[in-house]
Amino acid sequence: ALENIPDDVLQQSGTLFLKNIHELNTPCQKQLLAYLEQEKTLLRVIASSSPALFKLAQDGTFNKSLFCKLNATPIEIPAINKRRYDIPLLVDHFLTQANAQHHKNITLTPSALRFLRNYQWTGDIEQIKTCIETLVATASTQQPVIERSVVQKVLPNTATMVVDEQMFSRFSSLQHATDVFQQHYLSHLLKTYRYDTNQVAEFLQIPVAHLRDKMIKLHINGFN
């Protein structure tokens, strides 16, 4: 964290952008507050923060008076997971940058791009940038088109929660969506246990009769 903001910076005119202002230590926060409380200031101060600054101010980890000064015109930018249709544009931008840096011409398959768009990003835009840089840096010029399977290996398994938003339009109700999921899941278990309904029922910890009734309802064939 910054110990202080250089006086020569505060004496200039224009716009001062402070990225990740939540990382400023207490003395630096007090210095900035004192500057903003002056009758006349030369700088327009714009600050950004990843965590909610309001909550930090409430918790006492950020100067409340400074927060009030900075909060004159708040702008909230939703997390990238809430604006997924921006992801292909960001991927294309970072891909262009990485290709220029590594002197390559790497592209992604439509399936790989869909996976990136639907991936549950925990690190927001910076994580997307790092992912694309890694993909391009490790890609072979002999295979310049990156498949979905390659993308999946680069991203953390603990965060691989993919939501296929396009499939939502297929469902007419919550019950319909539940039935479709159960149908796929039971079909998977039946294949895994070689269509032995006794083993599947034991795995699910339900009576065999209950399982068979569910299979009939969901139009699943595969009785042993």
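Residues numbered from 1 in each chain as written. Predicted model: local features only at pLDDT ≥ 70, side-chain atom pairs only at ≥ 80, totals over all residues. Heavy atoms only, no water.

Visitor: How do you make sense of the nonpolar core when you look at a structure like this?
Guide: A general tendency of soluble globular proteins is for nonpolar side chains to be buried together. Core analysis: the biggest nonpolar cluster contains 23 residues, and Leu-108, Leu-116, Trp-121, Ile-128, Ile-132, Val-151 and Leu-155 have the highest contact counts within it. Secondary-structure elements contributing two or more residues to this core are helix 5 (87–102), helix 6 (110–118) and helix 7 (124–138). The leading source of residues in this core is helix 5, at six residues. Setting aside chain neighbours within four positions, we find Val-151 in contact with Ala-112, Phe-115, Leu-116, Leu-135 and Ile-146. Judged by nonpolar contacts, the second largest core, of 19 residues, contains Tyr-35, Leu-43, Leu-53 and Leu-56. (Core = buried A, V, L, I, M, F, W, Y, C linked by side-chain atoms within 4.5 Å. Buried < 20%, exposed > 50% of the residue type's maximum accessible area, 1.4 Å probe, protein only. Helix = DSSP H or I, 4+ residues; strand = E, 2+ residues; numbered from the N terminus. Contact = heavy atoms within 4.5 Å.)

Visitor: Looking at this model, I keep getting lost on the side chain of Thr-109. Mind explaining?
Guide: With respect to the helices and strands, Thr-109 occurs in the loop between strand 3 (107–108) and helix 6. If we ignore the near neighbours within four places in the chain, the residues touching Thr-109 are Val-145, Ile-146, Glu-147 and Arg-148.

Visitor: Looking at this model, I keep getting lost on helix 2 (residues 26–36). Mind explaining?
Guide: Since one α-helical turn is 3.6 residues long, residues separated by three or four positions face the same way. Those residues of helix 2 lying buried are Cys-28, Gln-29, Leu-32, Leu-33, Tyr-35 and Leu-36. Looking straight down helix 2, one finds its buried side chains confined to an arc of 160°; they lie on one side. More than 90 degrees from the buried face of helix 2, the exposed residues found are Thr-26 and Lys-30. Taken together, the buried residues of helix 2 touch helix 1 (7–10), strand 1 (14–18), strand 2 (43–47) and helix 4 (64–70). (Arc of directions from axis to C-beta.)

Visitor: Is there a simple way to explain helix 9 (residues 174–192) in this structure?
Guide: With 19 residues, helix 9 extends 27 Å between its outermost C-alpha atoms, agreeing within 8% with the 27 Å of an ideal straight helix rising 1.5 Å per residue. Of the positions making up helix 9, those classed as buried are Val-180, Leu-186, Leu-189 and Leu-190. Taken together, the buried residues of helix 9 touch helix 10 (197–204) and helix 11 (208–217). Of the residues trailing helix 9, Arg-194 is marked for its positive phi of about 55°. (Expected span 1.5 Å × (residues − 1).)

Visitor: Even after reading the chapter, I still don't get the packing of helix 5 against helix 6, so can you show me in this structure?
Guide: It is at 9 Å that the axes of helix 5 and helix 6 come closest, and there the two elements cross at 115°. Crossing of helix 5 over helix 6 shows right-handed handedness. Contacts from Ile-87, Pro-88 and Val-91 of helix 5 reach helix 6 at Leu-113, Leu-116 and Arg-117. Partitioned by chemical class, the residues of the contact of helix 5 with helix 6 number five nonpolar, no polar and one charged. (Axes fitted to C-alpha atoms, helices over the stretch in contact; angles between N-to-C directions. Left-handed = near helix turned anticlockwise from the far one by under 90°. Nonpolar A, V, L, I, M, F, W, Y, C, P; charged D, E, K, R; others polar.)

Visitor: So what exactly am I meant to see when it comes to the pattern of salt bridges here?
Guide: Side-chain pairs of opposite charge can arise whenever the charged atoms involved come near each other. The tally for this structure, following the rule as stated, stands at two salt bridges. Asp-86 is paired through a salt bridge with Arg-83; the nearest N and O atoms lie 3.2 Å apart. On the basis of relative accessible area, Asp-86 is assigned to the partly exposed category, the value being 30%. Arg-83 gets classed as partly exposed once you look at its relative accessible area, which sits at 22%. (Salt bridge = Lys/Arg side-chain N within 4 Å of Asp/Glu carboxyl O.)

Visitor: Looking at this model, I keep getting lost on the pairing of strand 1. Mind explaining?
Guide: Taken residue by residue, a regular strand's side chains alternate between the two faces of the sheet. As paired strands, strand 1 and strand 2 are joined by five bridges and run parallel to one another. In the strand pairing of strand 2, Leu-16 is matched with Val-45. Between the parallel elements strand 1 and strand 2, the chain passes through helix 2 in a crossover that is right-handed. (Pairing = 2+ DSSP bridges. Right-handed = clockwise from strand over helix to strand, strands pointing away.)

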